[in-house]
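Structure at a glance
Residues per chain are reported as follows:
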Amino acid sequence: KDAKGMFIGFNEAYEKAFGIDSHNLLGKTVLDLAYLPIEDRHQYHSEDTKVIAQNLSLQREQELVLSDGLIHHTLYSVNAFQTSNGKPGGLIGIFVDITEQKNIQAALADAMTQLEKTQKEVELSHKATKDSIEYASLIQHSMIPSNAIFHNYFKDYCVIWHPKDIVGGDIYFIEEFQDGNELLLMMMDCTGHGVPGAFVTMLVKAIERQIIATIRHKNESISPAKILGLFNRNIKQFLNQHDRKSINNTGFDGAIVLYNKE
């Protein structure tokens, strides 16, 4: 365009894209572009005049219907130029079809939205699982004997119970017999860590209560070896490990100590 904003030349790509014969537009302004809404023509002409007068550069994105009848996203860049004596000479404008880039951006935005939604769902699921496991940890903690019982048997003692995860497969039990003269200490390292190990400790605890209840009810003498045998038998029965086809090999490594004050 010249200093007055009149068209003075087009390239073939512009003619092909917009489906026009540039000869019909030479000497005219953007106000004469019938394919643009009237309000847009006035806005663009005002911008062109400002760019030329102040020797500016301008970029704007706009949607245009091209010769294929489809709406295209375009990036329009205009740069003013001056004459050799420093006066406004006009401007050069370039249209770039950025429809594909816009579609990619929209697809990426949709993907990011879906990713954020999925991430929130995962976070909520993770929180629910973690809350559940932390509550299970309270249950497992409640099975741990009070350290106060050690006062009755030892001048000095130290107990460390620190699961690898929130819950774990390590557990110990303490039982007193003979009016506090005898102490039975059972320490088990169950198969697995985390939740699987914690499940086994619950099973072991159930078996332990059954064994201790039988000993007290029958007033039997305490045999660590016999107790380990009962554990072994009961776990195999509970988990159907007597079947040779069983794929379950769950159990524990354990030690049982019977301490008598006398």
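Described in the following lines is the structure provided in the data block. Chains are numbered independently. Their residues run from 1 in the order of the written sequence. Side-chain atom pairs in this predicted model are given and counted only at pLDDT of 80 or more, local residue features only at pLDDT of at least 70, and totals for whole chains, interfaces and linings cover all residues. Processing note: side-chain calculations cover all non-hydrogen atoms of the structure and skip hydrogens and water entirely.

1. Description of the sheet that holds strand β1 (residues 57-65)
Pairing between two strands requires that DSSP report at least two bridges joining them. The numbering of helices and of strands both runs from the N terminus, where a helix is a DSSP run of H or I of at least 4 residues and a strand a run of E of at least 2. With antiparallel pairing, three strands are arranged side by side in an open sheet as β1-β2-β3. Only two strands of the sheet have a single neighbouring strand rather than two, namely β1 and β3 (88-97). On average, each strand axis in the sheet is inclined to that of its neighbour by 25°, with strand direction left out of account. By the bridge criterion, nine bridges tie β1 to strand β2 (residues 71-82) in an arrangement that is antiparallel. What sits directly across from R60, in β2, is Y76. Sheet strands in contact with helix α2 (residues 38-54) are β1, β2 and β3, and its direction is about 130° off that of β3. Contacts are assigned to residue pairs that have any heavy atoms within 4.5 Å of one another. Comment: axis = line fitted to C-alpha atoms, over the contacting stretch for helices; angle = value between 0 and 180 degrees taken between N-to-C directions. Where helix α3 (residues 99-142) meets the sheet, it contacts β1, β2 and β3, and its direction lies at approximately 125° from that of β2.

2. A look at the nonpolar core
In these notes, a set of buried Ala, Val, Leu, Ile, Met, Phe, Trp, Tyr and Cys residues joined through side-chain atoms within 4.5 Å is what counts as a nonpolar core. Working definition: with a 1.4 Å probe on protein chains only, accessible area under 20% of the residue-type maximum means buried, over 50% means exposed, and in between means partly exposed. The biggest cluster of nonpolar side chains holds 29 residues, and the ones touching the most others in it are L184, M186, M188, V204, I227 and F231. Secondary structure elements with two or more residues in this core: β4 (170-177), β5 (182-190), α4 (194-218), α5 (224-238) and β6 (252-260). Setting aside residues no more than four positions away along its own chain, V204 makes contact with F173, M188, C190, F231, I235 and F252. I20, Y44, L64 and L66 belong to the second-largest nonpolar core, a separate cluster that totals eleven residues.

3. So, empty space enclosed by the protein
The rule is simple: put a 1 Å grid over the protein atoms alone, call a set of points where a 1.4 Å probe fits but cannot get out a cavity, call an open set with protein on both sides within 12 Å along at least five of seven lines a pocket, and count a residue as lining if it has an atom within 4 Å of a point. Grid points are joined across faces, edges and corners, and a volume is the space filled by probe spheres set on the points. Applying the stated criterion across every chain yields a total of one cavity of 30 Å³ or more. If you add up the space inside the largest cavity, you get close to 40 Å³. Every residue lining the largest cavity is listed: I211, I215, E220, S221, I222, S223, K226, I227 and L230. Listing elements by their share of the lining of the largest cavity, those giving two or more residues are α4 and α5.

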